[in-house]
Amino acid sequence: MKLSSSHMDNIPSTPGKFKMEKSPYVHRFRHYSSLAKLTFWSSVFLALIILFFFKSPSTSPPNSTPPDLSRRSLKTTFWGGPAWEKRVRSSARIRSQNGLSVLVTGAAGFVGTHVSAALKRRGDGVLGLDNFNNYYDPSLKRARQALLERSGIYIVEGDINDAALLNKLFEVVPFTHVMHLAAQAGVRYAMENPSSYVHSNIAGLVNVLEVCKNANPQPAIVWASSSSVYGLNTKVPFSEKDRTDQPASLYAATKKAGEEIAHTYNHIYGLSLTGLRFFTVYGPWGRPDMAYFFFTRDILKGKSIPVFEGSNHGTVARDFTYIDDIVKGCLGALDTAEKSTGSGGKKKGPAQLRVFNLGNTSPVPVTDLVSILEKLLKVKAKRKMMKLPRNGDVQFTHANISFAQREFGYKPTTDLQSGLKKFVRWYVSYYDSGKKNSH
Ligand SMILES: O=C(O)[C@H]1O[C@H](OP(=O)(O)OP(=O)(O)OC[C@H]2O[C@@H](n3ccc(=O)[nH]c3=O)[C@H](O)[C@@H]2O)[C@H](O)[C@@H](O)[C@@H]1O
């Protein structure tokens, strides 16, 4: 708790040195005395109100964090109590033979929602965790949450930096796996809000790993890295063996840092860790901050869209990867993840440490992305060609996926045209069917 300096100044350094005031200050002393009485009774009254407030069952489950004690940035709402634990247990219950019990962080996010639903469909136990922050329209996150709730998945509302909450979740459920997808995404936003990347992608990751390392049994962890770690590399396609020491954005730097942090926790504590380098994932229920999403919105609104190009009109391209292919990759990584080897926070032997590219292996120029959208939407885009800004963007990405192919048969099957068709169908029904506004 932070005390203001004036408050600190009012506290006597040696309480015994307080002197009783005598006449001619008696009058003033009396005044102080009645003031003290007033303060005393108001405090009693206030204490009673607070006591009543925290006794009330609707606002005070046993393990909730009192709002004044919780760090506001953690955004954790009340949790705990028998009913809450029952809900957590039921969501995480395995319903198939040899099924997994998975804690999915970022479950209300784009990839998190799809992965959670896929796990649940095949009988795995799934518990979600999400802080529902407002990086983009939280109502979309709430709609994804509602979707998951219909299939019996509970998303606990809390922040990955909240160690007490994470420890509690592991106390209630012995998760076999953690699918760690909660993160601050987006390449360009890193210049606007750098600390948010440190908070989620570094501090949050460390907190998740700390809790996992102490858990008994330790879970295996699969987590989201990014194609952006290849940064300014020019050799294509990008292979996991290539250098990743020249990131072009703080976002990329935090993901790269995550990979090094993963190495450390694997080395010291025997945690089984698999990082997935996603390549520009798109599809239904996607992220509104991504180009394919807001291009669709703005083309439909008749607004111009900024289309980036390299110097001398050079092509800017991405290895756009459809969400269903990414989900298959995530499940493949979870299924082939070996057990962590540590216990009680101590390593017992070497554990698995992996990194995979999950891309589509066929980069498409951004100008072609726009042409496909124009055809699907039957609206001509107002293209505003712009030089690729120097704020984190790289000119192209292209994944070599042979490692994931070899390890768990990863094979993307959706090309950009077919994937965008599905996205547009979803977009139109989601925003047109009702009153929702895509901003
Ligand atoms: O592959 C990844 O690892 C990353 O993919 C995306 O990053 P990005 O590929 O930059 O995706 P978008 O922001 O949707 O941009 C897609 C393409 O459109 C271009 N673009 C973007 C914005 C814009 O206004 N105009 C424009 O032409 C970009 O230069 C890029 O080539 C995600 O936003 C990151 O979170 C993710 O980690």
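Treat the numbers as computed from the prediction; the structure is a model and nothing was measured.

Draft legend 1. Just the site of the ligand, in detail. Close to the ligand lie 24 residues, the nearest being Arg188, Ser226, Ser227, Tyr251 and Pro306. At 2.5 Å from an oxygen atom of the ligand is found a side-chain nitrogen or oxygen belonging to serine 226. Separating an oxygen atom of the ligand from a side-chain N or O atom of arginine 318 is a distance of 2.8 Å. Contact with the protein chains removes 95% of the 690 Å² of surface that the ligand exposes when unbound. Split into classes, the residues belonging to the shell around the ligand amount to 15 nonpolar, five polar and four charged.

Draft legend 2. Expanded view of empty space enclosed by the protein. Throughout the structure, instances matching the rule amount to two cavities of 30 Å³ or more. One number sums up the size of the largest cavity: a volume of about 60 Å³. Taken together, His180, Ala182, Ala183, Ser200, Asn201, Leu205, Trp223, Ala224, Thr254 and Lys255 make up the full set of residues lining the largest cavity. Mapped onto the lining of the largest cavity, the elements with two or more residues apiece are helix H7 (194-214), strand S5 (220-226) and helix H8 (250-269). Ranked by residues supplied to the lining of the largest cavity, first place goes to H7 with three residues. Taken as a whole, the second largest cavity holds about 30 Å³ of empty space. Surrounding the second largest cavity, Val187, Ser228, Gly231, Ala248, Ser249, Ala252, Gly392 and Val394 form its lining. For the lining of the second largest cavity, the per-class residue count stands at four nonpolar, four polar and no charged.

Draft legend 3. Inspection of unusual backbone geometry at higher detail. Cis geometry marks the peptide bond from asparagine 216 to proline 217, where omega comes out at 5 degrees. Mapped onto the fold, proline 217 is located in the loop between H7 and S5. The amide bond that connects valine 236 to the next residue, proline 237, takes the cis arrangement and shows omega of -10 degrees. Of note in this structure, asparagine 312 is not a glycine but carries a positive phi near 55 degrees. Relative to the elements of secondary structure, asparagine 312 occurs in the loop between strand S8 (304-309) and strand S9 (317-318). Overall, asparagine 312 belongs to the exposed group, its relative accessible area being 76%. Positive phi outside glycine occurs at threonine 361, with the angle close to 65 degrees.

Draft legend 4. Molecular detail of the sheet that holds strand S6 (residues 273-278). The strand order across the open sheet built from seven strands is S3-S2-S1-S4-S5-S6-S11, with neighbouring strands paired in parallel fashion. Taken across any chain shown, the strands that pair with only one partner, and hence form the sheet edges, are strand S3 (154-157) and strand S11 (353-358). Strand-to-strand twist in this sheet, taken as the mean axis angle between neighbours without regard to direction, amounts to 20 degrees. In terms of strand pairing, strand S2 (residues 125-130) meets S3 through four bridges, oriented parallel. Bridging across to S3, aspartate 130 finds its partner in glutamate 157.

Thresholds, definitions, all that
Residues numbered from 1 in each chain as written. Predicted model: local features only at pLDDT ≥ 70, side-chain atom pairs only at ≥ 80, totals over all residues. Heavy atoms only, no water. Near = heavy atom within 4 Å. Polar contact = N/O pair within 3.5 Å; in protein donor to acceptor, adjacent residues only side chain to side chain. Areas by Shrake-Rupley, 256 points an atom, 1.4 Å probe, with all protein chains shown as cover. Nonpolar A, V, L, I, M, F, W, Y, C, P; charged D, E, K, R; others polar. 1 Å grid on protein atoms, 1.4 Å probe; cavity = no way out; pocket = protein on both sides within 12 Å on 5 of 7 lines; lining within 4 Å. Points joined across faces, edges and corners; volume = space filled by probe spheres on them. Helix = DSSP H or I, 4+ residues; strand = E, 2+ residues; numbered from the N terminus. Buried < 20%, exposed > 50% of the residue type's maximum accessible area, 1.4 Å probe, protein only. Pairing = 2+ DSSP bridges. Axes fitted to C-alpha atoms, helices over the stretch in contact; angles between N-to-C directions.

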